[in-house]
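Listed here are the chains, written in short residue letters.
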Amino acid sequence: MNIYVGYLPENFNDQMLNDKFAAYGKVASAKVIMDRETGLSKGFGFVEMKDNYEGQLAIDGLRTWTKEDGRKVSVNIAKEREPRQHSNRW
């Protein structure tokens, strides 16, 4: 199961994300998306759980995850990316 995690704490990295979800089951991968130019986190990432049941456990268990500033972290099933539309500008 592929899980989208939004509004991550600024200092979060791949290992921290992996560790957070590993409490709920086997993590296949955990990736915080970084800005290419600044090298800083864009504030979201993706976690791939090996088992759908464990993935749902993680989503349910982390629904109340809040950052130090009190804002909630978003944890949901990732949606398929829509294909990009090519522009016809010439």
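Residues numbered from 1 in each chain as written. Predicted model: local features only at pLDDT ≥ 70, side-chain atom pairs only at ≥ 80, totals over all residues. Heavy atoms only, no water.

1. Some remarks on the environment of Thr38
Within the element layout of this structure, Thr38 appears in the loop between strand 2 (27-34) and strand 3 (41-49). With a relative accessible area of 52%, Thr38 lands in the exposed category. As a C-alpha pair, Thr38 and Met1 span 37 residues in sequence and 30 Å in three-dimensional space. Here the side chain of Thr38 touches Leu40 through a polar contact of 3.2 Å, landing on its backbone nitrogen. (Helix = DSSP H or I, 4+ residues; strand = E, 2+ residues; numbered from the N terminus. Buried < 20%, exposed > 50% of the residue type's maximum accessible area, 1.4 Å probe, protein only. Polar contact = N/O pair within 3.5 Å; in protein donor to acceptor, adjacent residues only side chain to side chain.)

2. Considerations on the packing of aromatic side chains
Counted according to the given criterion, the structure contains four aromatic pairs. Ring centres of Phe12 and Trp65 lie 5.5 Å apart, and the angle between their planes is 50°; on these two criteria the pair is classed as tilted. Taken together, the positions of Phe12 in the loop between strand 1 (2-6) and helix 1 (14-22) and Trp65 in the loop between helix 2 (52-61) and strand 4 (74-77) put the pair 53 residues apart, joining distant regions of the chain. Residue classification places Phe12 among the buried positions, given a relative accessible area of 12%. Where Phe44 meets Phe46, the ring centres are 6.1 Å apart and the plane angle is 90°; that geometry is what we call edge-to-face. In this structure Phe46 comes out as partly exposed when scored by relative accessible area, which is 30%. One aromatic cluster in this structure is built from Tyr4, Phe44 and Phe46. (Phe/Tyr/Trp six-rings, centres within 6.5 Å; stacked < 30°, edge-to-face > 60°.)

3. A short note on the side chain of Ser74
Within the fold, Ser74 resides in strand 4. A polar contact of 2.9 Å, which involves the side chain of Ser74, links it to the side chain of Asn76.

4. Points about the pattern of salt bridges
Enumeration over the complete set of coordinates arrives at three salt bridges. Here Arg63 and Asp60 are joined by a salt bridge, their closest N and O atoms 3.8 Å apart. Between Arg71 and Asp69 there is a salt bridge, and its shortest N-O distance comes to 3.0 Å. According to the relative accessible area criterion, Asp69 is partly exposed, its value standing at 48%. (Salt bridge = Lys/Arg side-chain N within 4 Å of Asp/Glu carboxyl O.)

5. Here we look at unusual backbone geometry
Backbone geometry at Tyr7 places phi at a positive 60°, although glycine is not the residue there. Among the structural elements, Tyr7 can be located in the loop between strand 1 and helix 1. For Tyr7, a relative accessible area of 55% translates into the label exposed.

6. Regarding the environment of Gly43
Tracing the chain through its elements places Gly43 in strand 3. Residue Gly43 is classed as buried on the basis of its relative accessible area of 17%.

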